[in-house]
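Each chain, written out:
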Amino acid sequence: MAMKIIERVLAKELVRAAKTFPAITLTGPRQSGKTTLVKMLFQKSHNYVNLEDPDVRLRAREDALSFFKQYEAPLIIDEIQYVPELLSYIKTKIDTNRKPGQWILTGSQNFVLMDRITQTLAGRSAVLYLLPLSISERVNNAHKAQNMKNRLKSLTARRKGVSPASKQPRLSITECLLRGFYPEIALHNKVDRRLWCGSYITTYIERDIRNLASIGDLSQFERFIVACAIRTGQIINISEIARDIGISVPTAKRWLSLLETGHQIYLLYPYYRNIGKRLVKSPKLYFVDPAICTFLLGIDNVKTLVKSVNFGALFETMVVGDFLKRFLHTGSRVSMYYLRSRDGLEIDMIIELDDGKLHLFEIKSAMTITKKHANSLLRIAGDNQLARKIVTKALISRTDDSFNLTDDIANYSWKDVLIS
């Protein structure tokens, strides 16, 4: 099966970094498209070696000097985490010759890789993150994708007459939630979803997790992942998960950290400014890819999906994940939060940009939106500490069109926000 090549938003950042930094480290979950991207950008100018090959890996470990004679810079080293000892040699070579763009490193096991990178290549390597496809990339619209600051500016500027989402490329929400955004499964409908997702989970647990941590009972860890999937879009209660799985709270925290550093989940932390309320302080948990999440939940078809009690949380998971990609794929610092107070005030997503201005979004899976869906956005106007910072108050929903709900609250169709 020929691999469909999709333009990636991160490509611009990779090319820009290669003009400045001696090394670039590209990390992200397995199968997110890292190898495809670096080959597309650098294969004509760089040699290439993959340390996932056992023979190559053995030679690199046993005789690094011979390895670097065989594979000279400029060089792409795929899956560098398998032989992290090479980073010390790369550091020495960079200190001798700081020519930009000589070393392109990729790796999936973020915890091990980032620990070694920060120790060895600090100040020498740009670090970029590639997650699965964003929605704009999935519809081959990457060339129009804006960074978060510009996207929010454009939404604010055209609030008075947002173009209808019906003019956007056709894309089914159920397809997004069931097939997700990993390139192989998202772009090729002939790939069996259950087989692919099952194999992905098995590979992730058997190879990545076993390499990262000493976990005696892998089936217990798999139950832990399922427990997390059940809680996607929810404020996480570590003690509750530990009790359900039959593990200690420290173990649950360590396993959650493994999922987070491996880019399988994303933890959205509460807005941290003092707003004079008793705030809920635990993070919300989101799976990075909805296909993996729906698979773990046993949701295999459209009928089961739309009737699922998890549908709203899965829709929210997809939207938050796409905002996360917009930050990371444009090389930006992630600045997303949620807000929930003990008196019932709740905002699903708060974006805080460098100027301190806030953009507030409620995420609703409903297809019909009324003022009652904006209750928290209406209430927040009464909080003087926040009100003066707020630029955007909006809902993101499954409506066909985008429209103004009130004078200062917009409702955006998910396609209108995420595809451009």
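A. Layout of the state of the cysteines. Taken as a whole, this structure holds 0 disulfides when the rule is applied. Here Cys228 stays unpaired: no disulfide links it, and the sulfur of Cys293, its closest cysteine neighbor, is 9.6 Å away. Judged by its relative accessible area of 0%, Cys228 falls in the buried class. Cys293 sits in the buried class, given a relative accessible area of 0%.

B. Expanded view of the packing of aromatic side chains. Inspection of every chain in the model, using the stated rule, returns 12 aromatic pairs. With 5.5 Å between their ring centres and 45 degrees between their planes, Tyr182 and Trp196 make a pair best called tilted. With Tyr182 in the loop between helix H9 (173-179) and helix H10 (183-187) and Trp196 in helix H11 (residues 193-212), this pair connects stretches of sequence that are 14 residues apart. Here the aromatic rings of Phe224 and Trp255 are separated by 5.6 Å at their centres, their planes lie at 75 degrees, and the arrangement is edge-to-face.

C. Region of the structure containing the pairing of strand S12 (residues 390-397). With 7 of 8 residues buried, S12 lies mostly within the body of the structure. In this structure, strand S11 (residues 358-363) lies alongside S12, joined through 6 bridges in parallel fashion. When the sheet's bridge partners are listed, His359 is paired in S12 with Thr392. Examined bridge by bridge, S12 and strand S14 (residues 410-413) share 4 bridges and lie parallel to one another. Bridge pairing links Ser397 to Ser413 in S14.

D. The arrangement of the nonpolar core in detail. Core analysis: the biggest nonpolar cluster contains 84 residues, and Phe224, Met318 and Phe323 have the highest contact counts within it. With 10 residues, the single largest contributor to this core is helix H17 (residues 311-328). Here Phe323 is in contact with Met148, Met336, Met349, Ile351, Phe361, Ile396, Val417 and Leu418, once residues within four sequence places are set aside.

E. Molecular detail of the pattern of salt bridges. Using the criterion set out here, one finds 15 salt bridges in the structure. For the salt bridge of Glu137 with Arg8, the shortest nitrogen-to-oxygen distance reads 3.2 Å. Linking Glu137 in helix H7 (residues 135-138) with Arg8 in the segment before helix H1 (11-18), this pair joins segments that are 129 residues apart in sequence. Comparing Glu137 with Arg8, the two get one shared label, buried. In this structure, the salt-bridge partner of Glu316 is Lys284, at a minimum N-O distance of 2.8 Å. With Glu316 in helix H17 and Lys284 in strand S8 (residues 284-287), this pair connects stretches of sequence that are 32 residues apart. Each of Lys91, Asp95 and Arg124 takes part in salt bridges that share partners, so that together they form one network.

F. Spatial organisation of helix H2 (residues 34-42). Looking at H2, one finds that the buried residues are Lys34, Leu37, Val38 and Phe42. The arc enclosing the buried residues of H2, seen along the axis, measures out at 95 degrees, which places them on a common side. Along its buried surface, H2 packs onto H1, strand S1 (23-27), strand S3 (75-78) and strand S4 (103-107).

G. Geometry of the sheet that holds S4. As summarised here, the arrangement of the 5 strands in space is S2-S3-S4-S1-S5, forming an open sheet in which the pairing is parallel. Both edges of this open sheet fall to strand S2 (47-50) and strand S5 (125-129), since each of them pairs with a single strand only. Taking the axes of each pair of neighbouring strands and ignoring which way they run, one obtains an average angle of 15 degrees across the sheet. In this structure, S1 lies alongside S4, joined through 5 bridges in parallel fashion. Across the sheet, residue Leu26 finds its bridge partner in S4, namely Thr106. The strands touched by helix H5 (residues 86-96) are S1, S3 and S4; relative to S4, the strand with the most contacts, the crossing angle is about 160 degrees.

H. Seen up close, unusual backbone geometry. Backbone torsion omega between Ala73 and Pro74 reads 5 degrees, so that peptide bond is classified as cis. Residue position: Pro74 is located in the loop between helix H4 (64-70) and S3. The backbone of Glu79 shows a phi angle near 60 degrees, a positive value even though the residue is not glycine. Taking relative accessible area as the criterion, Glu79 reaches 8% and is therefore assigned buried. Residue His263 is not a glycine yet carries a positive backbone phi of 60 degrees.

I. Expanded view of the sheet that holds S8. Across the sheet, which stays open at both edges, the 3 strands sit in the order S6-S8-S7 with antiparallel pairing between neighbours. A single partner strand is all that each edge strand has here, and the edge strands are strand S6 (234-235) and strand S7 (265-268). Along the sheet face, H17 touches S7 and S8 and points at about 85 degrees away from the line of S8.

J. Spotlight on empty space enclosed by the protein. Within the structure shown, the criterion is met by 2 cavities of 30 Å³ or more. In this structure, the second largest cavity encloses a volume near 70 Å³. Residue lining of the second largest cavity: Val9, Ser134, Ser136, Ala145, Gln146, Asp322, Lys325, Arg326, His329 and Thr330, and that is the complete set. Residue contributions to the lining of the second largest cavity peak at 3 residues, all from H17.

K. Structural detail: the packing of helix H12 (residues 218-230) against helix H14 (residues 249-261). H14 packs onto H12 with a crossing angle of 75 degrees between their chain directions and a minimal axis gap of 11 Å. On the basis of their axis angle, the class for H12 and H14 is roughly perpendicular. Counting all contacts with H12, which are made through Gln220, Phe221, Phe224, Ile225 and Cys228, the residues of H14 involved are Ala252, Trp255, Leu256 and Leu259. Residues belonging to the contact of H12 with H14 are distributed by class as follows: 8 nonpolar, 1 polar and no charged.

Definitions and cut-offs
- Residues numbered from 1 in each chain as written.
- Predicted model: local features only at pLDDT ≥ 70, side-chain atom pairs only at ≥ 80, totals over all residues.
- Heavy atoms only, no water.
- Disulfide = S-S within 2.5 Å.
- Buried < 20%, exposed > 50% of the residue type's maximum accessible area, 1.4 Å probe, protein only.
- Phe/Tyr/Trp six-rings, centres within 6.5 Å; stacked < 30°, edge-to-face > 60°.
- Helix = DSSP H or I, 4+ residues; strand = E, 2+ residues; numbered from the N terminus.
- Pairing = 2+ DSSP bridges.
- Core = buried A, V, L, I, M, F, W, Y, C linked by side-chain atoms within 4.5 Å.
- Contact = heavy atoms within 4.5 Å.
- Salt bridge = Lys/Arg side-chain N within 4 Å of Asp/Glu carboxyl O.
- Arc of directions from axis to C-beta.
- Axes fitted to C-alpha atoms, helices over the stretch in contact; angles between N-to-C directions.
- 1 Å grid on protein atoms, 1.4 Å probe; cavity = no way out; pocket = protein on both sides within 12 Å on 5 of 7 lines; lining within 4 Å.
- Points joined across faces, edges and corners; volume = space filled by probe spheres on them.
- Parallel < 35°, antiparallel > 145°, perpendicular 65-115°, else oblique.
- Nonpolar A, V, L, I, M, F, W, Y, C, P; charged D, E, K, R; others polar.

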